[in-house]
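One-letter residues, chain by chain:
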2 protein chains.
Amino acid sequence: MKEAALNAGPHSEYSAVMKLRAVLFDAYGTLFDVHSVALLAEQLFPGYGERLSLLWRDKQIEYTRLVSMSGLGGEHYRPFWELTRAGLRFAAARLGLTLEAPAEDRLMNQYRHLSAFPENRDVLAELQRRGVPAGILSNGDPEMLAVAVKSAGFGELLQHVISVHPVRRYKTDPAVYALGTAAFALPAREILFVSSNCWDAIGATWFGYTTLWVNRTGAPLDPLGIEPSHSGRSLRDVLAHFPA
Amino acid sequence: MKEAALNAGPHSEYSAVMKLRAVLFDAYGTLFDVHSVALLAEQLFPGYGERLSLLWRDKQIEYTRLVSMSGLGGEHYRPFWELTRAGLRFAAARLGLTLEAPAEDRLMNQYRHLSAFPENRDVLAELQRRGVPAGILSNGDPEMLAVAVKSAGFGELLQHVISVHPVRRYKTDPAVYALGTAAFALPAREILFVSSNCWDAIGATWFGYTTLWVNRTGAPLDPLGIEPSHSGRSLRDVLAHFPA
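Keep in mind that what you see is a predicted model, and the values were worked out from it rather than measured.

The rules behind these values
- Residues numbered from 1 in each chain as written.
- Chains lettered and ligands numbered in written order.
- Predicted model: local features only at pLDDT ≥ 70, side-chain atom pairs only at ≥ 80, totals over all residues.
- Heavy atoms only, no water.
- Axes fitted to C-alpha atoms, helices over the stretch in contact; angles between N-to-C directions.
- Helix = DSSP H or I, 4+ residues; strand = E, 2+ residues; numbered from the N terminus.
- Parallel < 35°, antiparallel > 145°, perpendicular 65-115°, else oblique.
- Contact = heavy atoms within 4.5 Å.
- Left-handed = near helix turned anticlockwise from the far one by under 90°.
- Nonpolar A, V, L, I, M, F, W, Y, C, P; charged D, E, K, R; others polar.
- Buried < 20%, exposed > 50% of the residue type's maximum accessible area, 1.4 Å probe, protein only.
- Polar contact = N/O pair within 3.5 Å; in protein donor to acceptor, adjacent residues only side chain to side chain.
- pLDDT = per-residue confidence, 0-100.
- Pairing = 2+ DSSP bridges.
- Least-squares fit on C-alpha atoms with pLDDT ≥ 70 in both.
- Core = buried A, V, L, I, M, F, W, Y, C linked by side-chain atoms within 4.5 Å.

### Details of the packing of helix α4 (residues 49–70) of chain A against helix α6 (residues 101–112) of chain A
Residue and element names in this part refer to chain A.
Step number 1: Two elements in contact, α4 and α6, have axes whose closest approach is 14 Å; the angle formed by their N-to-C orientations is 70 degrees. Classified by the angle between their axes, α4 and α6 sit roughly perpendicular to one another. Contacts from L52, W56, R57 and Q60 in α4 reach L107, M108 and Y111 in α6.

### Quick look at the packing of helix α4 (residues 49–70) of chain B against helix α5 (residues 80–94) of chain B
Residue and element names in this part refer to chain B.
Step number 1: Close contact between α4 and α5 brings their axes to 8 Å; oriented N to C, the two are set at 130 degrees. Relative to α5, α4 is oriented oblique. The element α4 and its partner α5 pack so that their crossing is right-handed. Mapping the contact onto sequence places L52, L55, W56, K59, Q60, Y63, T64 and V67 in α4 and F80, L83, T84, A86, G87, L88, F90, A91, A92 and R94 in α5.
Step number 2: Looking at the contact of α4 with α5, its residues break down into 12 nonpolar, four polar and two charged.

### Overview of helix α9 (residues 174–184) of chain B
Two residues of an α-helix separated by three or four positions point the same way, owing to the 3.6 residues in each turn.
Residues and elements named next belong to chain B.
Step number 1: Among the residues making up α9, those that are buried are V176, Y177, L179, G180, T181 and F184.
Step number 2: Near the N-terminus of α9, the side chain that reaches the backbone nitrogen of A175, with its oxygen 2.8 Å away, is that of D173.
Step number 3: Where α9 terminates, the next one or two residues include A185, which has phi positive at roughly 50 degrees.

### Some points on the confidence of the model for chain A
Residues and elements named next belong to chain A.
Step number 1: Scored by pLDDT, chain A has a mean of 92; 93% of the residues are at 70 or more.
Step number 2: Ignoring residues within four places in sequence, the model shows residues 1–17, a span with pLDDT below 50, making 11 contacts including any to other chains.
Step number 3: For this predicted complex, the interface confidence score (ipTM) comes to 0.91, while the overall pTM stands at 0.92.

### Quick notes on the sheet that holds strand β1 (residues 22–25) of chain B
Residues and elements named next belong to chain B.
Step number 1: One open sheet accounts for six strands, arranged β3-β2-β1-β4-β5-β6; its pairing is parallel. Single-partner strands in this sheet number two, and they are β3 (160–163) and β6 (230–232). Averaged over neighbouring strand pairs, the angle between their axes works out to 20 degrees when direction is ignored.
Step number 2: Pairing geometry for strand β2 (residues 134–138) and β3, over four bridges, is parallel. Within the sheet, the bridge partner assigned to L137 lies in β3 and is I162.
Step number 3: Of the strands in this sheet, β4 (191–195) and β5 (210–214) are in contact with helix α10 (residues 198–207), which crosses β5 at around 175 degrees.

### Some words on the relation of the copies chain B and chain A
Step number 1: For the pair chain B and chain A, the best superposition has an RMSD of 0.0 Å and corresponds to a rotation of 180 degrees with a translation of 0.0 Å parallel to the axis. Considering both components of the superposition, the chain copies are consistent with a two-fold axis. Closest approach to the rotation axis within chain B is made by the C-alpha atom of M69(B), at a distance of 3.1 Å.
Step number 2: Taken together, the interface assignments show that 97% of the residues at the interface of chain B recur at the interface of chain A, consistent with an identical surface on both copies.

### Digging into the nonpolar core
Step number 1: By size, the foremost hydrophobic cluster in this structure holds 83 residues, and its most contacted members are F25(B), Y28(B) and V238(B).
Step number 2: Residue contributions to this core peak at eight residues, all from α5(B).
Step number 3: For F25(B), the residues in contact, after removing those within four places along its chain, are L31(B), L124(B), L127(B), A134(B), G135(B), I136(B), L137(B), V194(B), L235(B) and V238(B).
Step number 4: By size, the runner-up hydrophobic cluster in this structure holds 82 residues, among which are L114(A), F184(A), L235(A) and V238(A).

Below, the structure written as structure tokens:
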């Protein structure tokens with residue numbers, strides 16, 4: 001049985017089914033809808049909600065990369081919650097919006113309680129039913145993740161909720177992806193890493209995970225000479241990789 | 001004399017003048033106007049020039065960070081020219097534009113021959129007259145930089161044209177900033193590092209350079225808990241830091 005799986009070609013469905021033993025999800029953008037804050041942003045700043053939300057997210061991610069790249073020993077690391085606030089402040093300033101403390105607090109609080117995408121709970125419950133261990137590997141700091149997981153009612157469905165916080169680096173640093181293989185005690189290729197962020201799926205692919213890019217918006221692939229192992233349009237596409 | 005300079009406060013003009021011995025410029029966005037490609041982009045894709053140009057630049061920079069962060073040993077490094085092309089292809093696809101090979105080649109060729117900002121030649125010539133050695137430290141690969149420097153007629157005015165290429169990492173990795181101190185054989189704080197990109201000025205400040213952020217567009221500061229040593233609005237602001 002084992003030998004048959006090893007001999008199956010790399011694109012064989014049989015081989016793919018046999019070797020995947022766990023699922024690791026990105027959180028923000030994948031399980032939790034980061035753009036759900038756009039609704040509140042639009043209430044607070046009519047006509048700017050979408051732009052504020054998008055720029056906020058872009059700057060937040062940019063800042064994670066800058067603090068990681070500039071301080072290889074983690075000396076410039078600041079928790080995701082602080083970088084999220086920094087991104088919001090920059091985005092508001094860039095758009096010429098005056099962000100008073102109450103509005104900032106409301107937006108940050110909204111970010112803490114992001115909506116989950118509607119199909120996600122069913123997918124996690126079905127994975128559990130099929131005996132597939134699942135976890136989160138996220139840039140979020142432990143407190144943010146704890147609140148988000150609890151709000152969405154995912155607590156019982158996840159075996160590991162892993163934050164980058166202990167390594168003081170952000171995705172796509174290999175030290176971050178190594179937290180996932182350590183938690184599951186599995187080789188990266190035996191774990192399906194699932195992200196809606198193309199750059200995260202690519203970083204995880206480089207690291208060695210089997211990857212699924214959940215491309216909800218039909219975005220183009222970042223043409224960096226590598227592709228995620230699989231792509232799909234909703235979290236339901238995870239289930240095709242595990243026997244019912 | 002030396003003791004007086006050492007005893008002067010950190011914000012003393014005297015101290016600042018005494019300790020700066022060289023200038024290191026970022027290239028793209030600082031000496032060369034990356035958005036000059038927007039004009040050609042607008043001709044090729046009417047109504048999309050500005051958006052294509054901005055998204056192209058954003059993705060180009062994003063890709064430099066991803067390949068640096070994901071491969072700490074430089075294993076995912078690809079030269080800036082290739083990442084520039086990848087950024088253009090993504091940007092066109094994202095905006096739903098069909099980018100045929102001739103249009104792609106014209107835009108890439110335009111990027112190779114970017115305009116210099118109008119004041120730059122005078123500033124470089126004046127630094128030379130004042131006996132201040134000047135150089136470039138850029139994400140660009142050596143060929144791109146050679147063409148850009150030659151096109152702008154800066155060749156005689158620069159002592160060092162330094163590409164990140166040998167270290168196979170991009171800004172803001174400390175290995176990149178270390179190329180500048182090595183070339184001038186000076187401590188970082190004695191070199192004025194000049195960039196129009198706030199993130200680059202911040203990265204260089206973290207590394208230890210005395211920095212000048214040439215904030216041409218009046219952008220907000222990225223609120224990352226650190227500020228460039230100085231800021232200004234044009235390259236002419238460099239001259240205030242060196243005696244005439």
